[in-house]
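Listed below are the residues making up each chain.
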Amino acid sequence: MPAEAAAAALDAPAARTGGPDDDHSPWMEHVLGWTLVVVLAMFLTQTGLV
């Protein structure tokens, strides 16, 4: 009986933790990330902090 319970637990779908879904394309995340980097660099340069 314990072996059957372990097998059933392995077949069960994993619980979601509330993180982002995986159904989006990764290039959008890269574009937004690099846009944030460029905007931050422009801000730091204009304010003389760099």
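Structure first, text after, so check above.
Residues numbered from 1 in each chain as written. Predicted model: local features only at pLDDT ≥ 70, side-chain atom pairs only at ≥ 80, totals over all residues. Heavy atoms only, no water.

A. Structural detail: the overall build of the protein. Each helix and strand in the protein was counted, giving 2 helices and 0 strands. Carbon and sulfur atoms make up 71% of the accessible area of the protein, which totals about 4,800 Å². (Helix = DSSP H or I, 4+ residues; strand = E, 2+ residues; numbered from the N terminus. Areas by Shrake-Rupley, 256 points an atom, 1.4 Å probe, with all protein chains shown as cover.)

B. Here's a closer look at a nonpolar patch on the surface. Residues W27, M28, V31 and L32 make up a contiguous nonpolar surface patch of roughly 420 Å² in combined accessible area. If you trace the backbone, L32 turns up in helix α2 (residues 26-47). Taking relative accessible area as the criterion, L32 reaches 52% and is therefore assigned exposed. (Patch = residues over 30% accessible without salt bridge, like charges linked within 9 Å, V, L, I, M, F, W, Y side chains within 5 Å. Salt bridge = Lys/Arg side-chain N within 4 Å of Asp/Glu carboxyl O. Buried < 20%, exposed > 50% of the residue type's maximum accessible area, 1.4 Å probe, protein only.)

C. Inspection of α2 at higher detail. With 22 residues, α2 extends 32 Å between its outermost C-alpha atoms, agreeing within 8% with the 32 Å of an ideal straight helix rising 1.5 Å per residue. Positive backbone phi, approximately 80 degrees, marks G48, located one or two places after α2. (Expected span 1.5 Å × (residues − 1).)

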